[in-house]
Each structure stands twice: as C-alpha cells, then as structure tokens.
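# Close look at the chain arrangement
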Amino acid sequence: MSSQPTILESKTMEPKVSGPKCLSCGVEGIEHFLSKESNERAKNKTPWFIVIYCGQCGHVHQTLAKHVFTAGQSPFVMPNLK
C-alpha cells in the first residue's frame, strides 16, 4: 500500500508552517532572529538604524532605517514598538 495521502486525507492535513531560516548557519525559527538599535544617534537621540541578525551565528539579515529625512517635511521617526 502506498504511503502517499489520499485526496481526502491531504485536504484535512494542515500545511507545515516554518519560520525564517538563517542563510548562514541554517537555524530555523523567529526566536533566533534578534534586533539591536544602532550606536549612531540623531540629534533627538533616536537611533538611525535597527539591525536584524541571527542570534546563533551573528549573520546580519537586514538593516531598517529608523530615522528618516524627507525633502520639505519634518523627519519621520519610527515609533517604538514595545
């Protein structure tokens, strides 16, 4: 007998949801991804960037601008999401 699920079984099975995976060390799961505010600060003491990195190997996955200047407008600063 085949180990493949039938059509009826495959409709009731829930798909496996996996979290993000580090491209460097291969660890999987959102709990391994950490963030840190940059040391560089604007005049109003807000960090310029937020760095997202792997807590296992330290691989930097992304940097997000926290302090943004726009032409002709006051600067937009991302709120703290705590």
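Residues numbered from 1 in each chain as written. Predicted model: local features only at pLDDT ≥ 70, side-chain atom pairs only at ≥ 80, totals over all residues. Heavy atoms only, no water.

A few words now on the overall build of the protein chain. A count of helical and extended segments in the protein chain gives one helix and five strands. When its helices and strands are written in sequence order, the protein chain yields α-β-β-β-β-β. Counting all 82 residues of the protein chain, 16% fall into the buried class. (Helix = DSSP H or I, 4+ residues; strand = E, 2+ residues; numbered from the N terminus. Buried < 20%, exposed > 50% of the residue type's maximum accessible area, 1.4 Å probe, protein only.)

Either a parallel or an antiparallel arrangement is found when strands of a sheet pair, and the pairing is made through backbone hydrogen bonds. Taken in spatial order, the three strands line up as β1-β2-β3 in an open sheet, and their pairing is antiparallel. Since the sheet does not close on itself, it has two edges, and those belong to β1 (33–37) and β3 (60–65), each with one partner. Each adjacent strand pair in this sheet contributes to an overall mean axis angle of 20°, direction not counted. As defined by bridge partners, β1 adjoins strand β2 (residues 49–54) across five bridges and the pair is classed as antiparallel. Directly across from Ser35, in β2, lies its bridge partner Ile52. (Pairing = 2+ DSSP bridges. Axes fitted to C-alpha atoms, helices over the stretch in contact; angles between N-to-C directions.)

In this section: the side chain of His32. The residue His32 is located in the loop between α1 (7–12) and β1 in this model. Within the structure, His32 has its side chain in polar contact with the side chain of Gln56 (distance 3.2 Å). Other than its neighbours up to four places away in sequence, His32 contacts Val27, Tyr53, Cys54, Gly55 and Gln56. (Polar contact = N/O pair within 3.5 Å; in protein donor to acceptor, adjacent residues only side chain to side chain. Contact = heavy atoms within 4.5 Å.)

To continue, consider the environment of Arg41. Secondary-structure assignment places Arg41 in the loop between β1 and β2. On the basis of relative accessibility, which here comes to 40%, the residue Arg41 falls in the partly exposed class. C-alpha separation for the pair Arg41 and Lys66, spaced 25 residues apart in sequence, amounts to 10.0 Å. Ignoring anything within four residues of it in the chain, the contact list for Arg41 reads Thr46, Pro47 and Trp48. There is a polar contact of 3.2 Å between the side chain of Arg41 and the backbone oxygen of Lys45.

This part covers the pairing of β2. Direction of pairing for β2 relative to β3: antiparallel, over a ladder of five bridges. Note on β3: the bridge partner recorded for Val51 is Thr63.

On to the side chain of Thr46. Here Thr46 lies in the loop between β1 and β2. The class of Thr46 is buried, set by a relative accessible area of 17%.

Bear in mind that shape data such as this cannot, by itself, settle questions of function.
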